[in-house]
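# Structural description and commentary
These are the residues of each chain, in order.
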Amino acid sequence: MSLSIKDLLEDKAYGLDLQLLGGDVGLSNRLYSSRIQKPGLALTGYTEHLHPDRVQVLGNTEISYLSQIPEEVGSRHIEKLCSYPIACFIVTKGLDPPEFLKRSAEAAGIPLLVTHHQSSTFISLITKFLEESLLPSTHIHGVLVDVLGVGVLLLGKSGIGKSECALDLVIRGHRLVADDVIHIKKKMPAALVGQAGETIQYHMEIRGLGIINIKDLYGVSSIREKKIIDMVLELMEWDANQEYERLGIDEPMKTILGVDLPHVKIPVRPGRNLTSIIEVAARNFLLKGMGYHSAREFHEKLLARLEFRPLGNEVE
């Protein structure tokens, strides 16, 4: 994942409030890390620990230093700094950088931007922006619901009844996060957050009815904007020739963006109350989180009983 300096300049959601002072030919420079750097000693010519691929933030201390040293010395140091493939310079507090910095940045094609924020505030804002923007992400076709606080991702082929299950869950008091296309981002170190696209947020497609708005129909308590995905439930057509899990001892996993999630396959056939099954799956997930595994406990009790079963009459 990466983003360009132009993306920083066009930000509206995080309030970076950036303006371009020069070096517009470098607006296509890419950022791959959420970390920023204050150049510090690099302004004196010591570039041993410079990370040119990071955003270089120049605050009051850096600008004051450049303004007080002889222009010839400052120009030499800045030219050396600009000989590296710097992603961009950002000046904070609305300060006016020295002309030699503007000239060198323009000549090297390095974007020079300014923000009115103080350095500490801006560093916090841009770090959050970069962390959110550079997270690994993917899109999955399915439905994401919040059931008893558990983020349940419903998968299955088109028309198998995912949206109908989600609608029934909403009627029971649970919450819809996303229907149809789910945008998933990986939060470090190992959590997946799902949400709907802006266009289809709060909407659901029910075959025969069309598009409905869950928020309008059931109120704000029936929806969530985003939710951590805790488990995957896959709806499958019933196949009489296939063996399905009977005990629940084994715990299959599904890997999404390198994160392993409990994966439960639920066969669909007439007469099965899928909504209740999904609720039970969510409750069972919560129990496992508290260290209680029903299937394993039952299995252990069964083995113990078989081991100590009294022997019947044996004929020698």
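Residues numbered from 1 in each chain as written. Predicted model: local features only at pLDDT ≥ 70, side-chain atom pairs only at ≥ 80, totals over all residues. Heavy atoms only, no water.

### Observations concerning the overall build of the protein chain
Rule in force here: By the criteria applied, helices consist of DSSP H or I runs no shorter than four residues and strands consist of E runs no shorter than two, each listed in order from the N terminus. Both definitions apply: the radius of gyration is a C-alpha atom measure, and the globule rule equals 2.2 Å times residues to the power 0.38. Relative accessible area decides the class of each residue, using a 1.4 Å probe on protein chains only: under 20% of the type maximum gives buried, over 50% gives exposed, and in between gives partly exposed. The criterion used for residue contact is that any of the two residues' heavy atoms lie within 4.5 Å. For the area figures, the Shrake-Rupley method with a 1.4 Å probe applies, and any residue is considered shielded solely by the protein chains shown. Counting rule for charge: Lys and Arg are taken as positive, Asp and Glu as negative, and neither His nor the chain ends is counted. Working definition for charges: the position is that of NZ of Lys, CZ of Arg, CG of Asp or CD of Glu.
Across its full length, the protein chain carries nine helices and 17 strands. Over its C-alpha trace the protein chain gives a radius of gyration of 29 Å, far above what one expects of a compact globule, namely 20 Å for 316 residues. Counting only residues that meet the buried cut, the protein chain has 43% of its 316 residues in that class. When contacts within the protein chain are restricted to residue pairs at least 6 apart in sequence, long-range pairs at least 24 apart make up 70% of them. Of the accessible surface of the protein chain, which amounts to about 17,700 Å², a share of 51% is contributed by carbon and sulfur atoms. Averaging the locations of the 35 positively and 40 negatively charged side chains of the protein chain gives two centres separated by 2 Å.

### A few points about the sheet that holds strand 8 (residues 137-147)
Just so we agree on the cut-off: By the convention used here, strands pair only if DSSP detects at least 2 bridges between them. Only the stretch in contact is used when fitting a helix axis, every axis being a line fitted to C-alpha atoms; angles between N-to-C directions are given from 0 to 180 degrees.
Ordered by their spatial adjacency, eight strands build an open sheet running 14-11-10-8-9-15-17-16, and the pairing between neighbours is mixed. Single-partner strands in this sheet number two, and they are strand 14 (226-228) and strand 16 (253-256). Each strand of the sheet is rotated relative to its neighbour by a mean of 40°, with strand direction disregarded. One ladder, built from five bridges, connects strand 8 with strand 9 (residues 150-155); its direction is antiparallel. Its bridge partner lying in strand 9, V145 is registered against V152.

### Observations concerning the environment of L95
Of note, L95 is situated in the loop between strand 6 (88-91) and helix 4 (99-108). Judged by relative accessible area, L95 falls into the partly exposed class, the value being 23%. The spatial distance from the C-alpha of L95 to the C-alpha of L155 is 53 Å, given a sequence separation of 60 residues. Those residues within four positions of L95 in sequence are excluded, and the remaining contacts are G59, N60, I63 and V114.

### Considerations on the pairing of strand 6
In strand 6, alternate side chains face the same way, and those of C88 and I90 on one face and F89 and V91 on the other are all buried. Two elements, strand 5 (residues 55-58) and strand 6, share four bridges in a ladder whose sense is parallel. In the strand pairing of strand 6, V55 is matched with C88. Pairing analysis gives three bridges linking strand 6 to strand 7 (residues 112-115), with the strands arranged parallel. Bridged to F89 within strand 7 is L112.

### Here we look at helix 4
As a reminder, the rule being used: Our arc is simply the arc of the directions from the helix axis toward the C-beta atoms.
Within helix 4 the residues assigned to the buried category are F100, L101, S104 and A105. Down the axis, helix 4 shows its buried residues gathered within 130° of arc, on one side only. In this structure, the buried side of helix 4 is in contact with strand 5, helix 2 (60-68), helix 3 (71-82), strand 6 and strand 7. Taken from the residues just after helix 4, G109 is the one with a positive phi, measuring 70°.

### A look at the side chain of K227
Using the following cut-off: Whenever two N or O atoms come within 3.5 Å, that pair is a polar contact, provided that in protein one can donate a hydrogen and the other can accept it, and provided that, for residues adjacent in sequence, both atoms are side-chain atoms.
Relative to the elements of secondary structure, K227 occurs in strand 14. Polar contacts involving the side chain of K227 include one to the main-chain carbonyl oxygen of G149, which spans 3.1 Å. Residues contacting K227, with those up to four places away along its chain left out, are L144, D146, G149, V150, G151, V177, L192, V193 and G194.

### A few points about the nonpolar core
Cut-off, in case you're wondering: Nonpolar cores were defined as sets of buried Ala, Val, Leu, Ile, Met, Phe, Trp, Tyr and Cys residues, with membership established by side-chain atoms within 4.5 Å.
Membership of the largest hydrophobic core comes to 27 residues, with the highest contact counts inside it found for V145, V152, M204, I214, L233 and I278. When residues of this core are traced back to their parent elements, those giving at least two are strand 8, strand 9, helix 6 (162-171), strand 12 (203-206), strand 15 (231-237) and helix 8 (274-289). When sequence neighbours within four positions are dropped, the list of residues in contact with M204 reads S163, A166, L167, L176, D179, G210, I211, I212 and I214.

### Points about the sheet that holds strand 2 (residues 18-22)
Strand order across the open sheet formed by five strands is 2-7-6-5-4, with mixed pairing between neighbours. Edge positions in the sheet fall to strand 2 and strand 4 (36-37), since each has one partner strand and no second.

### A look at the environment of R54
Here R54 is to be found in the loop between strand 4 and strand 5. Remark: the alpha-carbon pair of R54 and K38, spanning 16 residues in sequence, is separated by 9.5 Å.

### A word on the environment of K102
When you line up the elements, K102 lands in helix 4. Distance from K102 to G23, taken between C-alpha atoms, is 8.3 Å for residues 79 residues apart in sequence. Contacts of K102, omitting those with residues within four sequence positions, involve D96, P97 and L112.

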